[in-house]
There are 2 protein chains.
Amino acid sequence: MPEDSNVDMEETTLWPLPTPNLCKVCNGTSTGVHYGVQSCEGCKAFFKRAICQYGQSKCYFGGTCLITPETRGRCKACRLQKCLSEGMALDGTKVGRGRGLRNFRAQGSTPSGSPSSSTSVMTPFHSSAGPIRTTSPAGSPAKSIISRPPGADQGHDFIERGCFATAGKPLIIMQPFEHLRRGIPHNVIVNVNNSNTTRDSSCISVKEDEDAVNDREAPKSPQTLGVCLDKIMERELIVHRNATAAQRNAGRFSFMSSYLALLAERNKRLEDTVSGVTEAVAFTYRGQIEDWSHFMARSLSENDDIVLKPDTTIDNLIVTLQASIVNDTELLVEFCRHLPGFSELSRREQARRLSAKFTTAWLLNRAPYVRNRELFSVIGKHHYGRYWMETLLDSQFVRLLFDFMESVNELNLSLTENYLLMAVICLQPSPHLCDPDSIQYVKFLYSHYLDALMHIFSTRHSGNFIQLRSVLMQALAIDALHLRYVSLLDFSRSPIRPVNGIEYSPTLCEVKDDRQPLSDL
Amino acid sequence: MPEDSNVDMEETTLWPLPTPNLCKVCNGTSTGVHYGVQSCEGCKAFFKRAICQYGQSKCYFGGTCLITPETRGRCKACRLQKCLSEGMALDGTKVGRGRGLRNFRAQGSTPSGSPSSSTSVMTPFHSSAGPIRTTSPAGSPAKSIISRPPGADQGHDFIERGCFATAGKPLIIMQPFEHLRRGIPHNVIVNVNNSNTTRDSSCISVKEDEDAVNDREAPKSPQTLGVCLDKIMERELIVHRNATAAQRNAGRFSFMSSYLALLAERNKRLEDTVSGVTEAVAFTYRGQIEDWSHFMARSLSENDDIVLKPDTTIDNLIVTLQASIVNDTELLVEFCRHLPGFSELSRREQARRLSAKFTTAWLLNRAPYVRNRELFSVIGKHHYGRYWMETLLDSQFVRLLFDFMESVNELNLSLTENYLLMAVICLQPSPHLCDPDSIQYVKFLYSHYLDALMHIFSTRHSGNFIQLRSVLMQALAIDALHLRYVSLLDFSRSPIRPVNGIEYSPTLCEVKDDRQPLSDL
DNA sequence: TTTGGTCATAGTTCAGT
DNA sequence: ACTGAACTATGACCAAA
Ligand SMILES: [Zn+2]
Ligand SMILES: [Zn+2]
Ligand SMILES: [Zn+2]
Ligand SMILES: [Zn+2]
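Presented here is an overview of the structure given in this document. (Residues numbered from 1 in each chain as written. Chains lettered and ligands numbered in written order. Predicted model: local features only at pLDDT ≥ 70, side-chain atom pairs only at ≥ 80, totals over all residues. Heavy atoms only, no water.)

## As for the packing of helix H12 (residues 347-366) of chain A against helix H14 (residues 395-410) of chain A
Residues and elements named next belong to chain A.
Part 1 of the reasoning: Running from N to C, H12 and H14 cross one another at 55 degrees; their axes reach a closest spacing of 9 Å. The angle between H12 and H14 places the two elements in the oblique class. With respect to the hand of their crossing, H12 and H14 are arranged in right-handed fashion. Note on element contacts: H14 touches H12 through Leu-401, Phe-404, Met-405 and Val-408, opposite Thr-360, Leu-363, Leu-364 and Arg-366.
Part 2 of the reasoning: For the contact of H12 with H14, a count of residues per class yields six nonpolar, one polar and one charged. (Axes fitted to C-alpha atoms, helices over the stretch in contact; angles between N-to-C directions. Helix = DSSP H or I, 4+ residues; strand = E, 2+ residues; numbered from the N terminus. Parallel < 35°, antiparallel > 145°, perpendicular 65-115°, else oblique. Left-handed = near helix turned anticlockwise from the far one by under 90°. Contact = heavy atoms within 4.5 Å. Nonpolar A, V, L, I, M, F, W, Y, C, P; charged D, E, K, R; others polar.)

## Examining unusual backbone geometry
Residues and elements named next belong to chain A.
Part 1 of the reasoning: Within the chain, Asn-27 stands out as a residue other than glycine whose phi angle is a positive 70 degrees.
Part 2 of the reasoning: Assignment of secondary structure puts Asn-27 in the loop between helix H1 (2-14) and strand S1 (33-34).
Part 3 of the reasoning: Residue Asn-27 is classed as partly exposed on the basis of its relative accessible area of 37%.
Part 4 of the reasoning: Positive phi, close to 50 degrees, is recorded for Tyr-35, a residue that is not glycine. (Buried < 20%, exposed > 50% of the residue type's maximum accessible area, 1.4 Å probe, protein only.)

## A short note on the coordination of the zinc ion (ligand 3)
Six octahedral donors around a metal ideally subtend angles of 90 or 180 degrees, whereas four tetrahedral donors ideally subtend 109.5 degrees.
Residues and elements named next belong to chain B.
Part 1 of the reasoning: Coordination of the zinc ion (ligand 3) by the protein involves Cys-23 (SG), Cys-26 (SG), Cys-40 (SG) and Cys-43 (SG), with metal-donor separations of 2.2 to 2.3 Å.
Part 2 of the reasoning: One can describe the donor arrangement at the zinc ion (ligand 3) as tetrahedral, given that its four donor atoms subtend angles of 102 to 117 degrees at the metal.
Part 3 of the reasoning: If you list the donors of the zinc ion (ligand 3) from N- to C-terminus, the spacing comes out as C-x2-C-x13-C-x2-C. The exposure classification of Cys-23 matches that of Cys-26, with both residues buried. (Donors = N, O, S within 2.8 Å, 3.2 Å for Na, K, Ca; no water. Tetrahedral: all angles 85-135°; square planar, octahedral: opposite > 155°, others 65-115°.)

## Description of the nonpolar core
Part 1 of the reasoning: The biggest cluster of nonpolar side chains holds 195 residues, and the ones touching the most others in it are Phe-335, Tyr-384 and Leu-421 of chain A together with Phe-335, Tyr-384 and Leu-421 of chain B.
Part 2 of the reasoning: By residue number, the principal contributor to this core is helix H16 (residues 439-458) of chain B, which donates twelve residues.
Part 3 of the reasoning: Contacts of Tyr-384 of chain A, omitting those with residues within four sequence positions, involve Leu-317, Leu-321, Trp-362, Leu-375, Ser-377, Val-378, Ile-379, Met-389, Leu-392 and Leu-393 of chain A.
Part 4 of the reasoning: Counting 25 residues, the second-largest nonpolar core is a separate cluster that includes Leu-488 of chain A together with Val-25, Cys-65 and Leu-90 of chain B. (Core = buried A, V, L, I, M, F, W, Y, C linked by side-chain atoms within 4.5 Å.)

## A word on the coordination of the zinc ion (ligand 2)
Residues and elements named next belong to chain A.
Part 1 of the reasoning: Coordination of the zinc ion (ligand 2) by the protein is provided by Cys-59 (SG), Cys-65 (SG), Cys-75 (SG) and Cys-78 (SG), with metal-donor distances spanning 2.1 to 2.4 Å.
Part 2 of the reasoning: Because the angles between the four donor atoms bound to the zinc ion (ligand 2) fall within 106 to 119 degrees, the donor set is best described as tetrahedral.
Part 3 of the reasoning: Mapped onto the sequence, the residues coordinating the zinc ion (ligand 2) show the spacing C-x5-C-x9-C-x2-C. Of this pair, Cys-59 sits in the loop between helix H2 (41-52) and helix H3 (76-86) while Cys-78 sits in helix H3; the two residues are 19 residues apart in sequence, bridging distant segments of the chain. Side by side, Cys-59 and Cys-78 carry an identical accessibility label, which is buried.

## Some remarks on the pattern of salt bridges
Note that side chains of opposite charge can pair when their charged atoms are close.
Part 1 of the reasoning: Inspection of the entire model under this criterion finds 26 salt bridges over all chains.
Part 2 of the reasoning: Here Asp-328 of chain B and Arg-366 of chain B are joined by a salt bridge, their closest N and O atoms 2.8 Å apart. One end of the pair, Asp-328 of chain B, is in helix H11 (residues 314-337); the other, Arg-366 of chain B, is in helix H12 (residues 347-366), and 38 residues separate them in sequence.
Part 3 of the reasoning: A residue is classified by how much of its surface remains accessible, and Asp-328 of chain B, at 5% relative accessible area, is buried.
Part 4 of the reasoning: Exposure remark for Arg-366 of chain B: the relative accessible area of 1% places this residue in the buried category.
Part 5 of the reasoning: One salt-bridge network, held together by shared partners, links Arg-373, Asp-403 and Glu-406 of chain A. (Salt bridge = Lys/Arg side-chain N within 4 Å of Asp/Glu carboxyl O.)

Structure follows, in structure tokens:
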């Protein structure tokens, strides 16, 4: 320490300012200001690695190693210490050609965090930089995806269940049998001979002797398992005196009542939420529902042959379609604004979420009006069904849309359930849709609405949870497709195609399990 | 968060900011409209580079990365995708500069056409004359040069209007003459197959014609759905002023808190129950678990060939088996007595229930020690596995037992889950096991324990509810078999066979339509 | 106001040790 | 396992239109 500071003093006093090309850490040739300090390439890279990936290191020479271009490799601890004492830091690094404003930090006394002893703790912790990322030049082989920060955890579990299943932590410490199961036997049981168990195995043999002597040895008469069990039950249970019936009932009641009250209260909450959805529908989609129901009923009754003819020109239809998209979006926004709890999301997240969910909501809204691969919806004054969809859109894409709508249809949802499902889907807590501070809340909302859906869904005989789960998964795929394809579609001209020229392919629907690093969110 | 400040501004001004200075791509601070989109310097430069010099890139995180100022550097593919879906395009619409021309010339071999069309290709095929050749990796030609579709205008005039001009929506102010100002009327064939003569003026004139034809709504300005959605969202959501972050948090809290309190209370109940099970295990099965785990681990590690040899005589084994049955029964009774709520059953029902569940519990207790069709359990001092089972018992019956244990195994249960499952099964409310006055209570207990099981089961990724349901059904079958067959087995002599002479057959497992409350699953 | 260009600095790679 | 020269990517700033 004294050594270093002397050197610093001399340099700064005798050659006060520039030392234009010297690394403040090792005195080598500097290539500019890195991490706030005039430094060389080596010290720059070393500092980054030291902060991001090295573990602890310690000086073995007393902590006062001189750092020069020749010696800087000899003691990592002292080199890092020097970096820190010169003011290097990863935080607040400006990307791009920012002003080197941070230089003032190096002035005056060494910054607060500089360790005085030479045991530098190289934590793997890092600020916003994220794990070291590899970018690939075109066509390079696959890159490894670097370790994911601990924050980004479970992805799909919450698809399966509602609040009651996910809210709260795991209840108990798992002592999984998996170690045994997976057939890697050797490292499993370390506590082989810890016979300090409360109940050691000898008791078995003890009992064995007793019972063998008492019950079974002498009589050779057949003894069924049933008889044996009865005897043991009698013996065992008689030891514990049982309460009277009245006492039992009291016990039962106290055990059940509060829990049942909880369940009742929960059901009331869920029903409130369902009512909220019903009201939201009445405020928004109701007109559409009536129109389309009527239209479908009429079309189906008039004419068994369901292939409907086009009733306008492409250009007119495109204009109408654009308008209907606007209308649908407005309805979706309005619908979600009526959902209890939704308004507590930030406006920006609302916008992000609903933009991302447009396609899925569009499909859910229309699913009830699909019959025999035809869609009976009306936009403007025109029937917008398979004919126009196939005319305007990629046919594989259209097939996917119908597949999804038919999947939804197989659920046989009631009207309320259908829009409850829409709410659930609009609230799926995908990381890329959540504000950083809203993830927990959205997870709550999602599972709450899912609870509500499951609640009314399960009261019906047809409740098909597997299919429901499948639909939720498909919705995620549609969301992915929306981002990658649908939102790039140019709806202003006749073959509606994406502006980036990447045509539809099923791979666009793939939902990978990967989560992008969310460390600093 | 920048958003908060915006919200605050909003609160004070009472008038929604028309377009906050936010980058449409990354939500950072915008510096104006670049390439047709309100964007920041970074996204502007990125887009330019991405189009002109980068090769293709691909997302390694699933293709739905969130793009924020902090995260935008992590995934080029998603950033570019977002740029495109927001409508960014390189073309000559805002040709304001000659520098680029100079640059093109300096590069040599520039297509000499008008500067605005130099990169204008709508197809996924890239123009062979890539304008800027850089040091991009060798042989990565395929980057389609994106161009703004003809007719796209830029700047604020478009932003002010709803996208798609919101045909039929009176609240939007049309600016039908905006394009007249810019474009020279020009009769070009309507561009379903957009010819590459994408001069700005021509496209605008086309659009004008369309406007005139279609009752002056919906100018055909090519826009992606993504842009459209953004604009509507902005318009719709801006009408409803959002609360401050603090207000939102308060709202969230009030919405969540009582419900979460319910959940917490419920989880506490479940947790209590699970703890009860864990304690019950510690009091009863713990010694067995340790012994058998150790035995299995040792057996598997010593010897890949798992066929274990008999280590005693049949007569000895039968005696030992009898003793172990006694022991198992005692353990089962003791285990269930520790289960919260179980003691409130009448002694008679306890006995009836546990007698009936003996076989199922026996199997559940041993399922974790089954590997490759071998059972690694120890009774007395002897291994009791497939060899002895098949020697003593009906081989079809043995096969059934192994089938069930392997089904249980497939659930990959933790230790606690395994015995929680045992509790659930012991509490199945079959009518023939219940006292008349206890049916409701048993149903409650059953669903309570099932809740607890589902709860911890669902927190694990492997939660396989279908398999769980299947196991519960199989358990009922085993119960039926126990009554009809197992309890009649005479364990006192060597081939263990039923005293009534009715040999095992699968029909004995049939469960009458007993209407078990499995709908809870 | 928007454009292309600049360039200091950040991040990444890979042969060398 | 670490190092660092060389390379690529980023974006604030700028001058020009
Ligand atoms: Zn240096
Ligand atoms: Zn040192
Ligand atoms: Zn941006
Ligand atoms: Zn990505």
